[in-house]
Amino acid sequence: MPPEHRESEQYRPAGRRMAPAEAVYARRSALGWTLAELAERSGLDEATVESIEESGVDPALPLIERLAAAFDSVVRIDPAREPAMRFEGHAA
């Protein structure tokens, strides 16, 4: 999303959903997991995981924590950077 849109009132809610969507997709892809694998590991159904990745779910903290646990990752959120949100594996 272009930076000027992030400041627009009409785009702000969409932007809040896009960052987690991109972060979930990026981490799941990096791990080579299918939607079904992430659904199983997170205790969510596959339709919910798909909706998250399609920016259809607002990113509530309990959901983000649940996904981080499934990924065995920490979550980094920084709206001033791109990507604004990412899941990072724990340091070995």
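Novice: What is the right way to read the overall build of the protein from this model?
Specialist: Along its length, the protein carries five helices and two strands. Secondary structure elements in the protein, listed N-terminal to C-terminal, are α-α-α-α-α-β-β. Counting all 92 residues of the protein, 29% fall into the buried class. Relative to all contacts within the protein whose residues are 6 or more apart in sequence, the contacts with residues 24 or more apart total 41%.

Novice: Looking at this structure, I do not really get the nonpolar core. What am I missing?
Specialist: Among soluble globular proteins, nonpolar side chains are generally buried collectively. Core analysis: the biggest nonpolar cluster contains 19 residues, and Val24, Leu38, Leu67, Phe71 and Phe87 have the highest contact counts within it. Elements that contribute at least two residues to this core include exactly helix H2 (12-31), helix H3 (35-42), helix H4 (46-53), helix H5 (61-71) and strand S2 (85-89). Ranked by residue count, the leading element in this core is H5, at six residues. Leucine 67 has contacts with Val24, Leu38, Ser42, Leu44, Ile52 and Phe87, leaving out every residue within four places of it along the chain.

Parameters and conventions
Residues numbered from 1 in each chain as written. Predicted model: local features only at pLDDT ≥ 70, side-chain atom pairs only at ≥ 80, totals over all residues. Heavy atoms only, no water. Helix = DSSP H or I, 4+ residues; strand = E, 2+ residues; numbered from the N terminus. Buried < 20%, exposed > 50% of the residue type's maximum accessible area, 1.4 Å probe, protein only. Contact = heavy atoms within 4.5 Å. Core = buried A, V, L, I, M, F, W, Y, C linked by side-chain atoms within 4.5 Å.

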